[in-house]
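Each chain, letter by letter, is given below.
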Amino acid sequence: MFESADPKQPFYVANQVAVSEENIRVLTTLFEPLVGIQGVGLYITLTKEFDEVPFAKDYKTLYQLQDQTNLKLEDLFSTLHHLEATGLIKTFIGSNPVLGETLIFEVENVPSAGEFFHTFLLSSLLLERVGSVTFNRLVKKFTPRTFIGLKDAKEVTSGFFDVFHLSAESAIDAPIEVKEAASEVPKDNKGEIKLGNEPVKIDWSFLVDLFASYHIDKEEVLKHQVEIKQIIDFYHLTEQEFVETSLITMSAGTDKLNMYAIQNTVNENFGLNRNKEMVRKQLQQKPKDADKTIKNLSTADAELIRAVDSKTPTDYLYELKEKKGGYVTANEKKVIYRLQDQMGLTPPLINLIVHTCFEYDAVLTNNLADRIANDWLQKGITTPTEAIAYLKERKNKRNQKQYYRTPKKTVHKLTDWSKYEKQNQTKKRRLSTEERNKIFREFGKNE
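Residues numbered from 1 in each chain as written. Predicted model: local features only at pLDDT ≥ 70, side-chain atom pairs only at ≥ 80, totals over all residues. Heavy atoms only, no water.

J.: Mind showing me how you'd approach the pattern of salt bridges here?
T.: For side chains bearing opposite charge, pairing can occur when the charged atoms are close. Counted according to the given criterion, the structure contains 12 salt bridges. Here glutamate 220 and lysine 223 are joined by a salt bridge, their closest N and O atoms 3.3 Å apart. In this pair, glutamate 220 and lysine 223 are both assigned in helix 11 (residues 218–223), three residues apart and thus about one turn of the helix distant. Across the salt bridge formed by lysine 323 and glutamate 319, the nearest N and O atoms sit 3.5 Å from each other. (Salt bridge = Lys/Arg side-chain N within 4 Å of Asp/Glu carboxyl O. Helix = DSSP H or I, 4+ residues; strand = E, 2+ residues; numbered from the N terminus.)

J.: Is there a simple way to think about the packing of aromatic side chains in this case?
T.: Throughout the structure, instances matching the rule amount to five aromatic pairs. With centroids separated by 5.8 Å and ring planes inclined at 75 degrees, the aromatic side chains of phenylalanine 117 and phenylalanine 135 adopt a geometry described as edge-to-face. With a gap of 18 residues between them, phenylalanine 117 in helix 4 (residues 113–118) and phenylalanine 135 in helix 6 (residues 132–141) connect regions that are remote in the sequence. Comparing phenylalanine 117 with phenylalanine 135 shows no difference in burial state: the two are buried. Centroid distance phenylalanine 211 to phenylalanine 242: 6.2 Å. Interplanar angle 80 degrees. Geometry classified as edge-to-face. Residue phenylalanine 211 is located in helix 10 (residues 204–212), and its partner phenylalanine 242 is located in helix 13 (residues 239–248); the two are separated by 31 residues in the primary sequence. The class for phenylalanine 211 is buried, based on a relative accessible area of 0%. (Phe/Tyr/Trp six-rings, centres within 6.5 Å; stacked < 30°, edge-to-face > 60°. Buried < 20%, exposed > 50% of the residue type's maximum accessible area, 1.4 Å probe, protein only.)

J.: Explanation requested: a nonpolar patch on the surface in the structure shown.
T.: On the surface, Phe147, Ile148 and Leu150 cluster together into a nonpolar patch covering about 410 Å² of accessible area. Assignment of secondary structure puts phenylalanine 147 in the loop between helix 6 and helix 7 (160–163). Residue phenylalanine 147 is classed as exposed on the basis of its relative accessible area of 65%. (Patch = residues over 30% accessible without salt bridge, like charges linked within 9 Å, V, L, I, M, F, W, Y side chains within 5 Å. Areas by Shrake-Rupley, 256 points an atom, 1.4 Å probe, with all protein chains shown as cover.)

J.: I'm lost on unusual backbone geometry in this one. Help?
T.: A negative phi angle characterises most non-glycine residues, just as the trans form characterises most peptide bonds. Phi is positive for asparagine 70, which is not a glycine, with a value near 60 degrees. Among the secondary structure elements, asparagine 70 is positioned in the loop between helix 2 (62–69) and helix 3 (73–85). We note that histidine 215 has phi near 65 degrees; this positive angle belongs to a residue other than glycine. Taking relative accessible area as the criterion, histidine 215 reaches 69% and is therefore assigned exposed.

J.: Would you explain the sheet that holds strand 1 (residues 10–13) in this entry?
T.: What holds strands together in a sheet is hydrogen bonding between their backbones, with the strands either parallel or antiparallel. Reading across the sheet, the four strands line up as 2-1-4-3 and stay open at both edges, with mixed pairing between neighbours. Either end of the sheet is taken by a strand with one partner, and the two such strands are strand 2 (60–61) and strand 3 (89–96). Strands strand 1, strand 3 and strand 4 (100–107) of the sheet are contacted by helix 1 (residues 21–47), whose axis makes an angle of about 105 degrees with strand 4. (Pairing = 2+ DSSP bridges. Contact = heavy atoms within 4.5 Å. Axes fitted to C-alpha atoms, helices over the stretch in contact; angles between N-to-C directions.)

J.: It is not clear to me how the environment of histidine 118 should be interpreted in this structure. Could you clarify?
T.: Looking at the secondary structure, you find histidine 118 in helix 4. Among the residues examined, histidine 118 registers a relative accessible area of 64% and is labelled exposed. Within polar-contact distance, the side chain of histidine 118 engages the backbone oxygen of glycine 114 at 2.7 Å. (Polar contact = N/O pair within 3.5 Å; in protein donor to acceptor, adjacent residues only side chain to side chain.)

J.: Just to check I follow, could you spell out the side chain of glutamate 239 for this structure?
T.: Among the structural elements, glutamate 239 can be located in helix 13. For glutamate 239, a relative accessible area of 14% gives the class buried. If we skip the residues at most four places from it in the chain, glutamate 239 touches Lys201, Ile202, Asp203, Phe206, Leu207 and Leu210.

J.: What is the right way to look at the confidence of the model for the protein in this model?
T.: Any segment with low pLDDT has predicted coordinates that should not be analysed in fine detail. Scored by pLDDT, the protein has a mean of 80; 79% of the residues are at 70 or more. Across the protein, element-level confidence peaks in helix 1 with a mean pLDDT of 93 and bottoms out in helix 16 (residues 290–295) with 53. Residue range residues 400–406 is modelled with pLDDT below 50. Its contacts to residues more than four positions away, or to other chains, number zero contacts. (pLDDT = per-residue confidence, 0-100.)

J.: What exactly am I supposed to notice about the packing of helix 19 (residues 330–342) against helix 21 (residues 366–378) here?
T.: Describing two packed helices takes the angle between their axes plus the distance from one axis to the other. Put simply, helix 19 and helix 21 touch, their axes get as near as 10 Å, and they point 35 degrees apart. The way helix 19 lies across helix 21 gives a crossing that is right-handed. Contacts between helix 19 and helix 21 involve Val335, Arg338 and Leu339 from the former and Asn366, Ala369 and Asp370 from the latter. Grouping the amino acids of the contact of helix 19 with helix 21 by side-chain chemistry returns three nonpolar, one polar and two charged. (Left-handed = near helix turned anticlockwise from the far one by under 90°. Nonpolar A, V, L, I, M, F, W, Y, C, P; charged D, E, K, R; others polar.)

So, in C-alpha cells, the structure goes:
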C-alpha cells in the first residue's frame, strides 16, 4: 500500500468514467457499507478530475483533494486503500520531468449489482458488515422483477425496418464512416442495442456470400431484403437454413428468388426438427402399467401386435389395402413417410395408426393420422400394446355411455277406434208428440 506524507504530492486521473443513476444506487447501497460514505464521495470526486491533455501547470495536489473531501491526509489514503481493495480505484506512481514523482489514479467502472453479488469476497464482506436481515433485504432490492401479465402477452413492437427506410446497401454493408466510428468508440459488455421487435440478427454479408456460391447475385438478394428479413424473423431461421430452403424451390439454371415458393416451403417445413425432438422425448418415456395392459389383451390383439411389429409401414399399408380390396395412393405413402421421417414415430406405432385410420375411413389422410398420433402421445401411449389397450378402453366407455344414456322410448297410446265409436255414437230415439209441437212453436220467433 502506498502512502505519502506530502500534501503537495501531485496527482492526475488517467481516465474518464460516467456515473449513472444506477451506479450511484449501487455505490450508496452496496459499496458504502464497505468503503464508507467518505469512500463514495472520494470516488465521485475523482471521476470529475479527468483532464484529457493535462499540462504541467494543470496538476492538482493531495492538499486540494483533502480540501474537496474534508479528509486528513492519513484518512485520505485509508479511504483510497478501501476503494483499491474493492476494485473501484487503481493507483500508479509515475514520473514527470518537471514535477517528479506523481500519483496517477485509474477510476474503474462501478460494477452492476449482479457482478457485485457474484464476487463472493465482496458479498461475504457485505453480509458480515450489515447482517443477514439487511443483506437479504438488499438481495431482494436488486432482484429483477417482471410484470406477471407479460408472460402470456403477445409482443406487437415495431421492428426497425417497419418504421425506418434504410438503403439496402447500407443495411447489408455499413458505410466506412460507421465502421470507423465502431472501431474508435469502445463497446461495453452489453453488446448491440436491440432495435424494436427484432429477435433475429441477420448477417447480410454472409447471406449474400452463400447465395453467390449458387450463382445468385447480390442485387437479387437486395431486391427481396424486406421479405427475406420477415421470413427469417418469423420462423427464426439461420442464414444457412434460409439459403438451403430457397434452393429447394429453384430449378437448374435459375438465378432468381421465388419468394412465394420459398414462403410456402418454409411454412411446410417449419418446426419439423422441433416436433421430431418432442416425439423423441415422448417415446423415451417408460410405458405405464405394462403388466396390467398385457393382461387385458385378447388373442386377436396379440396377433395384431405381432403383425404391426413384424412389417415395415409401407408393406403393412399394402397388406391392409389388399385385404380391403382397394389400392394404395401416392398421398397415403406420403403420410407414412411424414410420420416416420419427419415426426420420428416408430414403425410399429405407425402401423397401428394406419390400422386405426382404416377403421374410420377408406383412405389414409394426414389429418386423421395426426389426430390419432397426437391423442396417443398426449396420453403417454408410445407402444402398440398400450395403444390397443387404450382403444379397447375407449370402446368400452362409448358402449357404457350408450347403455347408461339409452333414450327412453316415447310410447304413443293408440286410439281404439271401435271403443271410440261406441263411446261417441249418438243414441237413436224417437221424439215424442209434445217435443215435436214445442219445436214447431218456437220455429220462426227469432226472425
